[in-house]
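# Descriptive analysis of the structure
Spelled out, the chains give:
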Amino acid sequence: MTREVIPSGAALGADIQGIDISKPLNDDDRKFVTHAWNDHLVLRFRKQYLEDEDLIRLADEFGGAQVAGSRQYYINAGYDTKSGRVSRLPGITIVSNLDKDGKPEKENSGTGSSELFWHTDNSYVDNPPKGSILYGIQVPINGGGDTSFVNQYAAYEELSDAMKKRLLAMHIRHDNSRNTAGGTRPTAKRPTKREEVDGPTHPIVRKHPDTGRNALYLGRRYAPPSSYIVELPQDDSEALLDELWAHATQDKFVWTQVWQPKDVIMWDNRCTMHTRNKIDHTQPREMHRSLIKGEPIIPATAP
Ligand SMILES: [Fe+2]
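How each quantity is defined
- Residues numbered from 1 in each chain as written.
- Predicted model: local features only at pLDDT ≥ 70, side-chain atom pairs only at ≥ 80, totals over all residues.
- Heavy atoms only, no water.
- Core = buried A, V, L, I, M, F, W, Y, C linked by side-chain atoms within 4.5 Å.
- Buried < 20%, exposed > 50% of the residue type's maximum accessible area, 1.4 Å probe, protein only.
- Helix = DSSP H or I, 4+ residues; strand = E, 2+ residues; numbered from the N terminus.
- Contact = heavy atoms within 4.5 Å.
- Donors = N, O, S within 2.8 Å, 3.2 Å for Na, K, Ca; no water.
- Pairing = 2+ DSSP bridges.
- Expected span 1.5 Å × (residues − 1).
- Axes fitted to C-alpha atoms, helices over the stretch in contact; angles between N-to-C directions.
- Phe/Tyr/Trp six-rings, centres within 6.5 Å; stacked < 30°, edge-to-face > 60°.
- Lys NZ or Arg CZ within 6 Å of the ring centre and 35° of its normal.

### Looking at the nonpolar core
Leu 167, Ile 204, Leu 216, Leu 218, Ile 229 and Leu 240 are the most contacted members of the largest nonpolar core, which has 24 residues in total. Elements represented by at least two residues in this core include exactly α4 (152-157), α5 (161-167) and α6 (234-248). Ranked by residue count, the leading element in this core is α6, at 5 residues. Excluding its chain neighbours within four sequence positions, the residues that come into contact with Leu 218 are Ile 172, His 174, Ile 204, Leu 244, Trp 245, Ala 248 and Met 273.

### Comments concerning the coordination of the iron ion
Here the iron ion is held by the protein donor atoms His 119 (NE2), Asp 121 (OD) and His 274 (NE2), which lie 2.1 to 2.2 Å from it. Under the relative-accessibility criterion, His 274 is labelled buried at 6%.

### Brief notes about the pairing of strand β7 (residues 147-151)
Judged by how many residues are buried, β7 sits mostly within the fold: 5 of 5 residues are covered. Of the two faces of β7, the one lined by Thr 147, Phe 149 and Asn 151 and the one lined by Ser 148 and Val 150 are each fully buried. Of the strand pairs in this sheet, β7 and strand β13 (residues 254-257) are connected by 4 bridges, and their pairing is antiparallel. Opposite Ser 148, over in β13, you have Thr 256 as the bridge partner.

### Notes on α6
In this model, α6 (15 residues) spans 21 Å end to end at C-alpha, consistent with the 21 Å of a helix rising 1.5 Å per residue. For α6, the complete set of buried residues consists of Ser 237, Glu 238, Leu 240, Leu 241, Leu 244, Trp 245, His 247 and Ala 248.

### Details of the pairing of strand β15 (residues 272-276)
For β15, a buried count of 5 out of 5 residues is recorded, marking the element as mostly surrounded by other parts of the structure. Judged by which residues are buried, β15 turns out to be covered on both faces: Thr 272, His 274 and Arg 276 on one side and Met 273 and Thr 275 on the other are all buried. Examined bridge by bridge, β7 and β15 share 5 bridges and lie antiparallel to one another. Across the sheet, Asn 151 pairs through a bridge with Thr 272, a residue of β15.

### Let's talk about the sheet that holds strand β8 (residues 171-173)
By definition, the strands of a sheet pair up through backbone hydrogen bonds, in either a parallel or an antiparallel sense. The antiparallel open sheet is built from 3 strands, whose spatial order is β9-β8-β12. Every other strand in the sheet has two partners, leaving β9 (201-203) and β12 (228-229) as the edge strands with one partner each. When β8 meets β9, the two strands line up antiparallel, connected through 3 bridges. Of the residues in β9, the one forming a bridge with His 171 is Pro 203.

### A closer look at the sheet that holds β7
Overall, antiparallel pairing links the 3 strands, which are arranged β13-β7-β15 in an open sheet. Each edge of the open sheet is held by one strand with a lone partner, namely β13 and β15. Taken over all neighbouring pairs, the strand axes of this sheet differ in orientation by 25° on average, direction set aside.

### Concerning the packing of aromatic side chains
Counting across every chain of the model gives 4 aromatic pairs. Measuring from ring centre to ring centre gives 5.2 Å for Phe 117 and Tyr 222, while their planes differ by 80°; the resulting arrangement is edge-to-face. Pair noted here: Phe 117 is in the loop between β5 (92-96) and β6 (131-138) and Tyr 222 is in the loop between β11 (214-216) and β12, with a separation of 105 residues, a long-range link. Note on Tyr 222: relative accessible area 5%, which makes it buried. Between Phe 149 and Trp 267, the aromatic rings sit 5.2 Å apart at their centres with planes inclined by 55°, giving tilted as the arrangement. Taken together, the residues Phe 149 in strand β7 and Trp 267 in strand β14 (residues 264-268) connect sequence positions 118 residues apart. Given the relative accessible area of 1%, Trp 267 is considered buried. Here the aromatic residues Phe 149, Trp 255 and Trp 267 are joined through ring pairs into a cluster of three or more. The side chain of Lys 164 reaches across the aromatic face of Tyr 156, ending 5.5 Å from its centre. Positioned above the aromatic ring of Tyr 217, the side-chain terminus of Arg 206 is 4.7 Å from the ring centre.

Set out below in structure tokens:
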């Protein structure tokens, strides 16, 4: 089968055909995928038969595997590998609506069958992963759990020149206390005022090291007190974040992945955000994810 990139036709996303990612990639295939990734931000490989070790190997091939920030919270709270939350391999995150006996549930100790907030993975750690690789092991049929992505280069580029200039000097403190369904992480303390928000500070616009393009980097948004713009007083921070979030998640920037079993999606956390809609909680949805190690965040430069 010849190698092919088939763009989704939306603001981001492409299918890659003709590459078997269940085996180590040769240099040429790796360059082909990297090139397509930089062009399309989110790549889909269908009908892949992978083990957890393959997901780690793939992360290694694109920069090294990174352990998810959430893992330690679960371990600190006493979860073990029998809990269904903590994977056997540290580089694997289990994303599933199953309980520990393997039955689908509305709620479990993870994000269950809930709709998620828009977010970029692990923005609440000092060095967020540059990419994520998500493998659909069991997926619902016509049962939701679709994953949508937004192009944050495009969102940045459509801002006014005055806004672009204003954002160059700004940073967000990223609240680390909650998961992407809005639940408080086990053992974490939810802030009761802005001063209690714990997490790293990152530039609100970042420069992509490979493409040199600027992208909005908003992380995730919860009801305050939570992530805020450090250079602004609270009310001004809320107003600007409201405006930027409404702008960044417009339909014109979106592509949605409707899962088929054995789909693999590889996305770039530096220039995209993602979410998922609600899952029919009577159907099992089980995914395993690896993270690709991130380089230190590069602040944007003037356009
Ligand atoms: Fe995510």
